[in-house]
Amino acid sequence: MLLVNARLATMVRGSIPYGLIDRAAIAIEDGKILWCGREAELPTTFGRDARQDLGGGLVTPALIDCHTHLVFGGNRAQEFELRLNGASYEDVARNGGGILSTVMATREADEDSLLADALTRVDALIAEGVATIEVKSGYGLTVADELKMLRVARRIADERPVRIRTSYLAAHAIPPEFKGSPNAYLERVVLPGLEQAHTEGLVDAVDGFCESIAFAPHEIEQVFDKAQGLGLPVKLHAEQLSSLGGAALAARHGALSADHLEYLDAAGVTVMAQSGTVAVLLPGAFYTLRETQLPPVNLLRNEKVPIALATDCNPGSSPLASILLAMNMGATLFRLTPQETLAGTTRNAARALGLEDCGVIAPGKRADLAIWNVADPAELSYRIGFNALHRRIFGGDFS
Ligand code: DI6
Ligand code: FE
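Residues numbered from 1 in each chain as written. Chains lettered and ligands numbered in written order. Predicted model: local features only at pLDDT ≥ 70, side-chain atom pairs only at ≥ 80, totals over all residues. Heavy atoms only, no water.

## So, the overall build of the chain
This is how the line gets drawn: Counting from the N terminus, the helices are DSSP H or I runs at least four residues long and the strands are E runs at least two residues long. The quantity called the radius of gyration is restricted to C-alpha atoms. Its globule counterpart is 2.2 Å times the number of residues to the power 0.38. The classification of residues rests on relative accessible area computed with a 1.4 Å probe and restricted to protein chains. Under 20% of the type maximum is buried, over 50% is exposed, and intermediate values are partly exposed. Contacts were defined at the residue level, with two residues in contact if any of their heavy atoms lie within 4.5 Å. Every accessible area reported is derived by Shrake-Rupley at a probe size of 1.4 Å, with residue values counting cover from the shown protein chains alone. Counting rule applied: Lys, Arg positive; Asp, Glu negative; His and chain ends not counted. Charge coordinates come from a single atom per side chain, which is NZ of Lys, CZ of Arg, CG of Asp or CD of Glu.
Helix and strand counts for the chain stand at 15 helices and 16 strands. Compactness check: the chain gives a C-alpha radius of gyration of 21 Å against a globular reference of 21 Å for 399 residues, within 12% of the reference. Expressed along its principal axes, the backbone C-alpha trace of the chain runs to roughly 70 × 50 × 45 Å. Sorting the 399 residues of the chain into buried and exposed places 57% on the buried side. Looking at the chain alone, contacts between residues at least 24 apart form 71% of all its contacts between residues at least 6 apart. Of the roughly 16,000 Å² that the chain leaves accessible, carbon and sulfur atoms contribute 50%. Here the chain holds 36 positive side-chain charges and 48 negative ones, and the gap between their average locations is 4 Å.

And the structure:
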C-alpha cells in the first residue's frame, strides 16, 4: 500500500514540531512501514497501483491508551447518582458502593459477559484511532478472578483489530476476606497469582496501587521483587492521593512508568529522570475526583522525564473511554502543549508499555496509523467531544 498526498505528524523526536512532513508518502509492506518521507523523494521502485491519495489529510501514529482498567463487571452509575443527590460516603458504602462493589460484580460475571462489556469501551477507543490498549486486572482479587480478567483482556485482541498489553494488578485493593491482613493477601493471592498468570502467558507487566488506602511501599516492593524474579517489567500507581515515595521506589526498580503523580515531589522527579521511567498522567481521574493538586508538569519537563497521557478508564475514578478527551483534559487541566498531548498518546505511551515497534511513523515500525479530517495536529486536543478520525490503519490494513 502506498499513501500519498499526506501531512505526516511522525512524532519522531527532533527540532521539527510534531516531526511534521508535508506532501508526504508512506509505503507499507507486510504490516510495516517500508518508507516514509517527502513524496518528491519517493523511490521510483515503489509500485503505483495500490496508491491512496489522502488529499492533504493529517496522518499520525495510531493512538495508544497506556493505562486502563477497562475489563470490569457492572458500573458505578448508581453510586454517582447517590452522591450527587447528597448521599454521604457511608451511605454509598452501605449501598455496596466503591471499588469493592466492582470487585463483587467482576467476581460474579463470567468471561463472556466481561468481554462483551469491555468491547463497548474498546470500540469507543478504536473509533478514535487507538490501536494499542493496556488493560489491567485488579477487580478480581482472587487468583482465579485475576486470571479470569487477564484472559478476557487477551481475548479482546481476538475479537477486534487492536493490540492488548496486560498488567497484573492484584495489588490494587485488599479484598474483604483479607481485611486488615495485607501480608496474608500478598502471600496467598498476589504473589502465587502472579506466578500462575505468568506461567499461562497472561502478564506483560506488573502494577500496584501504592497509597495509604491500598498498599505501602514495603508491600509493593515484595510484588516488584517477585516480578523481577520472573523477568517481568513493573509500573506503579503512585502519588495519586498522597506522597509516599512510590514513584521513586518504582524508578529504582527500573519501572516502565509511574502513573497519576499529582503529589510527586522534586526528589521523585529526579529519580524518575535517572531511570528513564515514563510519567503517565491521568486527567480523567483528576477531573472525576475534582482533585486540585496538579502533577508537577514543569519539573517533569525540566528534568526531561517523558510524559504520557491515558484514560485510566475504570468504573470509579475515571469512567472515561475517550483518548481525545484525555488529550484535551491534559492540555486544559495540566497545561500540556498540544504537541505534548500527542507525544503522550503515541511515542511516550509506547515507551510506557515497553514497546519499541510503534508510537512513531518511521521505517521498520508497525503500520498502525490514524488518518484525520483535520490539517493541524493541535486540533486533536483543542476540540472537546469531537472525533475527527477519518480512518485507521492497523498492522497495514484499513480497519
Ligand atoms: N486508582 C484509582 O483512582 C482507582 N484505582 C486506582 O488504582 C480507583 C478504582 C476504582 O474506584 O474502581
Ligand atoms: Fe489506574
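What follows continues from the structure just given.
## Some points on the coordination of the iron ion (ligand 2)
Definition in use: Excluding water, the donors of a metal are its N, O and S neighbours within 2.8 Å, or within 3.2 Å for Na, K and Ca, and that exclusion means sites may look incomplete. Four donors are marked tetrahedral only if all angles between them lie between 85 and 135 degrees, whereas four are marked square planar and six octahedral if opposite donors are more than 155 degrees apart and the other angles lie between 65 and 115; the remainder are marked irregular.
Coordination of the iron ion (ligand 2) by the protein comes from H67 (NE2), H69 (NE2), H237 (NE2) and D312 (OD), over a distance range of 2.1 to 2.3 Å. Taken together, the four donor atoms surrounding the iron ion (ligand 2) define angles of 81 to 168° at the centre, an arrangement classified as irregular. Ordering the donors of the iron ion (ligand 2) by residue number gives the pattern H-x1-H-x167-H-x74-D.

## Details of the packing of helix α6 (residues 182-199) against helix α7 (residues 217-229)
The condition is simple: The axes are straight lines fitted to the C-alpha atoms, using for helices just the contacting stretch, and the angles between their N-to-C directions are given from 0 to 180°. For classification purposes, angles smaller than 35 degrees are called roughly parallel, those larger than 145 roughly antiparallel, those between 65 and 115 roughly perpendicular, and all remaining angles oblique. Left-handed describes a crossing whose near helix is turned anticlockwise from the far helix by less than a right angle; the clockwise case is right-handed. Residue polarity is assigned by list, with Asp, Glu, Lys and Arg as charged and Ala, Val, Leu, Ile, Met, Phe, Trp, Tyr, Cys and Pro as nonpolar; anything else, Gly included, falls into the polar class.
Taken N-terminus to C-terminus, the directions of α6 and α7 make an angle of 20°; their axes are 11 Å apart at the nearest point. Considered as vectors, α6 and α7 are oriented roughly parallel to each other. In this structure, α6 meets α7 at a crossing whose hand is right-handed. Here P182, N183, L186, V190, L191, L194 and E195 of α6 come into contact with α7, specifically with E219, Q222, V223, K226 and A227. Taken together, the residues of the contact of α6 with α7 break down into seven nonpolar, two polar and three charged.

## Some points on the side chain of S167
How we decide: In the analysis that follows, any N or O atom pair within 3.5 Å is treated as a polar contact, provided that within protein one partner can donate a hydrogen and the other can accept it, and provided that, for residues neighboring in sequence, both atoms belong to side chains.
Relative to the assigned elements, S167 resides in strand β8 (residues 163-168). By relative accessible area, which is 1% here, S167 ends up buried. A polar side-chain atom of S167 sits 2.6 Å from a polar atom in the side chain of E134. Beyond its immediate stretch of four places on either side in the chain, S167 contacts E134, V135, K136, S137, L150, A205, D207 and K235.

## A word on the nonpolar core
We count it as follows: The set of buried Ala, Val, Leu, Ile, Met, Phe, Trp, Tyr and Cys residues whose side-chain atoms join them within 4.5 Å is what this entry labels a nonpolar core.
Ranked by internal contacts, the top residues of the largest apolar core, which has 93 residues, are L70, V71, I156 and W372. Looking at this core, the element that brings in the most residues is α6, giving eight residues. In this structure W372 touches G57, L58, T60, L63, E128, L324, L380, N387, A388, L389 and H390, once residues within four positions along its chain are discounted. Residues L8, A24, L369 and I371 belong to the second largest nonpolar core, which totals 15 residues.

## Describing the packing of aromatic side chains
Put simply, the rule reads: By convention, a stacked pair of Phe, Tyr or Trp rings (six-membered ring in the case of Trp) has centres within 6.5 Å and planes under 30 degrees apart, an edge-to-face pair has planes over 60 apart, and any other such pair is tilted. We count a charge as sitting over a ring when the NZ of a lysine or the CZ of an arginine lies within 6 Å of the ring centre and within 35 degrees of the ring normal.
As enumerated under the stated definition, the model contains five aromatic pairs in all. Ring geometry for Y185 against F215: centres 6.2 Å apart, planes inclined by 25°, an arrangement best described as stacked. Of this pair, Y185 sits in helix α6 while F215 is found in the loop between β9 (205-206) and α7, placing the two residues 30 residues apart along the sequence. Ring pairing ties together the aromatic residues F178, Y185 and F215, which thus form one cluster. A cation sits over an aromatic face here: R121 above F72, 3.7 Å from the ring centre.

## Overview of the side chain of K136
Mapped onto the elements of the fold, K136 is located in strand β7 (residues 130-136). On the accessibility criterion, K136 (1% relative accessible area) is buried. Side-chain polar atoms of K136 contact the side chain of E134, separated by 2.7 Å.

## Some thoughts on the sheet that holds β7
Our working rule: When DSSP finds two or more bridges between two strands, those strands count as paired.
The sheet built from four strands is open, its strands ordered β6-β7-β8-β9 with parallel pairing. Lying at the two open borders of the sheet, with one neighbouring strand each, are β6 (63-65) and β9. Of the pairings in the sheet, the one linking β8 to β9 comprises two bridges and is parallel in character. Bridging across to β9, S167 finds its partner in A205.

## Thoughts on the site of ligand 1
Just so we agree on the cut-off: Whether a residue is near a molecule or strand is decided by its heavy atoms; if any one of them lies within 4 Å of it, the residue is near. Buried and open spaces are told apart on a 1 Å grid over the protein atoms alone, a cavity being a set of points where a 1.4 Å probe fits but cannot get out and a pocket being an open set with protein on both sides within 12 Å along at least five of seven lines. Residues with an atom within 4 Å of a point are the lining residues. To be counted as sitting in a cavity or pocket, a molecule needs more than half of its atoms within 2 Å of that site's grid points.
Around ligand 1 lies a shell formed by R76, I99, Y139, H172, F209, H237, Q240, H260, N314, G316 and S317. At a separation of 2.8 Å, a nitrogen atom of ligand 1 approaches a polar side-chain atom of H172. A distance of 2.7 Å separates an oxygen atom of ligand 1 from a polar side-chain atom of S317. For ligand 1, the accessible surface in isolation is 320 Å², of which the surrounding protein chains cover 93%. Under a 2 Å grid-point criterion requiring more than half of the atoms, the pocket assigned to ligand 1 is the largest pocket. Taken together, the residues of the shell around ligand 1 sort by class into three nonpolar, seven polar and one charged.

## Thoughts on the sheet that holds strand β13 (residues 307-309)
What links the strands of a sheet is backbone hydrogen bonding, and the strands pair in either a parallel or an antiparallel sense. Reading across from one edge, β10-β11-β12-β13 is the order of the four strands in this open sheet, with parallel pairing throughout. With one partner strand each, in any of the chains shown, β10 (235-238) and β13 form the two edges of the open sheet. In this sheet, adjacent strand axes meet at a mean angle of 25° when their direction is disregarded. In this sheet, strand β12 (residues 278-281) lies alongside strand β11 (residues 257-260) in parallel orientation, the contact comprising three bridges. Bridge pairing in β12 places D259 opposite V280.

## Quick notes on the packing of helix α5 (residues 143-159) against α6
Two numbers describe a pair of packed helices, the interaxial angle and the distance between the axes. Their axes nearest at 9 Å, the elements α5 and α6 cross at an angle of 40°. If you check the angle between α5 and α6, you find them oblique. In the crossing of α5 with α6, the sense of the turn from one axis to the other is right-handed. Between α5 and α6, the contacting residues are V143, L147 and L150 on the first element and R188, V189, G193, Q196 and A197 on the second. Taken together, the residues of the contact of α5 with α6 sort by class into five nonpolar, two polar and one charged.

All quantities given are derived from atomic positions and should not be read as evidence of function.
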